[in-house]
Amino acid sequence: MSKSKTTASYEIVYNTLRKRILHLELPPGSIVSEIETAKEFSVSRTPVRDAFKALVNEGLLEVKPHVGTFVTLIDMNEISDILYIRETMEKAIINELAVYFGQWQEFKLQHILNHQKQLLEDSLLSAQDFAMKFAKSDNDFHNTLFALAGKERLLTYFYAINSQYQRFRTFLNFEDKTSAEKLYNEHQQLLVYIKNKDVEKLNSLLTHHIYDGFNSKINLIYEYPNYFKPL
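None of the values given here were measured: they were computed from a predicted structure.

Analysis parameters
Residues numbered from 1 in each chain as written. Predicted model: local features only at pLDDT ≥ 70, side-chain atom pairs only at ≥ 80, totals over all residues. Heavy atoms only, no water. Phe/Tyr/Trp six-rings, centres within 6.5 Å; stacked < 30°, edge-to-face > 60°. Helix = DSSP H or I, 4+ residues; strand = E, 2+ residues; numbered from the N terminus. Buried < 20%, exposed > 50% of the residue type's maximum accessible area, 1.4 Å probe, protein only. Lys NZ or Arg CZ within 6 Å of the ring centre and 35° of its normal. Polar contact = N/O pair within 3.5 Å; in protein donor to acceptor, adjacent residues only side chain to side chain. Contact = heavy atoms within 4.5 Å. Core = buried A, V, L, I, M, F, W, Y, C linked by side-chain atoms within 4.5 Å. Pairing = 2+ DSSP bridges. Salt bridge = Lys/Arg side-chain N within 4 Å of Asp/Glu carboxyl O.

## A short note on the packing of aromatic side chains
Tallying each qualifying case throughout the model produces five aromatic pairs. With a centroid separation of 5.9 Å and an interplanar angle of 20°, the aromatic rings of Y10 and Y14 are classed as stacked. With Y10 and Y14 both in helix α1 (residues 3-22) and four residues apart, this pair spans about one turn of that helix. Residue Y10 is classed as partly exposed on the basis of its relative accessible area, which comes to 24%. Its guanidinium or amino end placed over the ring of F70, K64 lies 4.7 Å from that ring's centre, counting from NZ or CZ. Taking the ring centre of F130 as reference, the NZ or CZ of K177 above it sits at 4.9 Å.

## Some points on the side chain of E87
Examined against the element boundaries, E87 turns out to sit in helix α4 (residues 76-99). Among the polar contacts listed, one links the side chain of E87 to the side chain of T207, at a separation of 2.8 Å. E87 has contacts with T207, I210 and Y211, leaving out every residue within four places of it along the chain.

## Observations regarding unusual backbone geometry
With a phi angle near 55°, S42 is a residue other than glycine that sits in the positive phi range. Topologically, S42 is positioned in the loop between α2 (34-41) and α3 (45-57). Positive phi values are uncommon outside glycine, yet H66 reaches one of about 65°. Note that H66 resides in the loop between β2 (61-64) and β3 (68-71). Here H66 falls in the exposed class, since its relative accessible area comes to 87%.

## Digging into the nonpolar core
Grouped together as the largest cluster of nonpolar side chains are 47 residues, with contacts concentrated most on M76, I79, F134 and F168. Mapped onto this core, the elements with two or more residues apiece are α4, α5 (103-121), α6 (127-148), α7 (152-159), α8 (163-174), α9 (178-195), α10 (199-216) and α11 (220-223). The next biggest cluster of nonpolar side chains, apart from the first, holds 18 residues, and it includes L17, L22, A51 and L55.

## Details of the pairing of β3
Note on strand geometry: in a regular strand, side chains alternate between the two faces of the sheet. The side-chain alternation of β3 yields two buried faces, one formed by G68 and F70 and the other by T69 and V71. For strand β1 (residues 31-32) and β3, the ladder comprises two bridges, and the chain directions are antiparallel. Each bridged residue has a counterpart across the sheet, and for V32 the counterpart in β3 is T69. Bridging between β2 and β3 involves four bridges; their strand directions are antiparallel. Looking at the pairing, E62 lines up with F70 of β3. Counting the residues between successive antiparallel strands, the hairpin from β2 to β3 contains three residues, one of them, H66, with a positive phi of roughly 65°.

## A look at the pattern of salt bridges
Oppositely charged side chains may form a pair once their charged atoms are brought near each other. All told, the structure shown has 13 salt bridges when counted by the stated rule. Of the charged contacts, one joins E36 and K39 as a salt bridge, the two residues approaching to 3.9 Å between their closest N and O atoms. Here K39 and E36 lie together in helix α2, a separation of three residues that amounts to about one turn. A salt bridge links K182 to D212; the nearest nitrogen and oxygen atoms lie 3.4 Å apart. Taken together, the positions of K182 in helix α9 and D212 in helix α10 put the pair 30 residues apart, joining distant regions of the chain. What makes K182 partly exposed here is its relative accessible area of 38%. Residues joined in a network through salt bridges with shared partners are E34, R45 and R49.

Fair warning: the whole summary comes from geometry, so function is off the table for now.
Here's what the structure looks like:
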């Protein structure tokens, strides 16, 4: 197999497995077979092995010697640290954005919010499809805040440590639409506060926006104990 074809195969395997893990199609604790993955994608084991190594480095897979390769359990201690980093960064960025916020910025954010509303009103989506699509749209909203503030580079740093949190957010939205509806309403309110340059209300709402879902669904850890590392 040529080097370019091996690279393309690696990217397909890596991106597909990563998506499945983050969207809980491969739940925490699932075993992942190198041989079976190679068969599924009709590739040699070399690109599969490279994809597995990348996912191990990202904290999404772990290798247990003489046992197998598994999707890692969700680490709530790591998620707590990520929430702290996210709150600190987003407050600084949104406060800065509010200073020069205009109609073009509002249009881009409102477009994303319109999509979130459509998802909430779509009764044909399965719970899992809804969770995946809303999580992506939620990411789009917050990523756009970074982009509008000219801080895309910070996103690169943040996403390097963000995989555990992405899985947990999908997990929170998986049960029903209640959490997603709350996020959507808070997104709308954040937009209002940014337009009004109301920094005090922005900071207060953003803290609740980031932590409330985490705190309100902490009981799910006990309902799905096999998904999580022991606290």
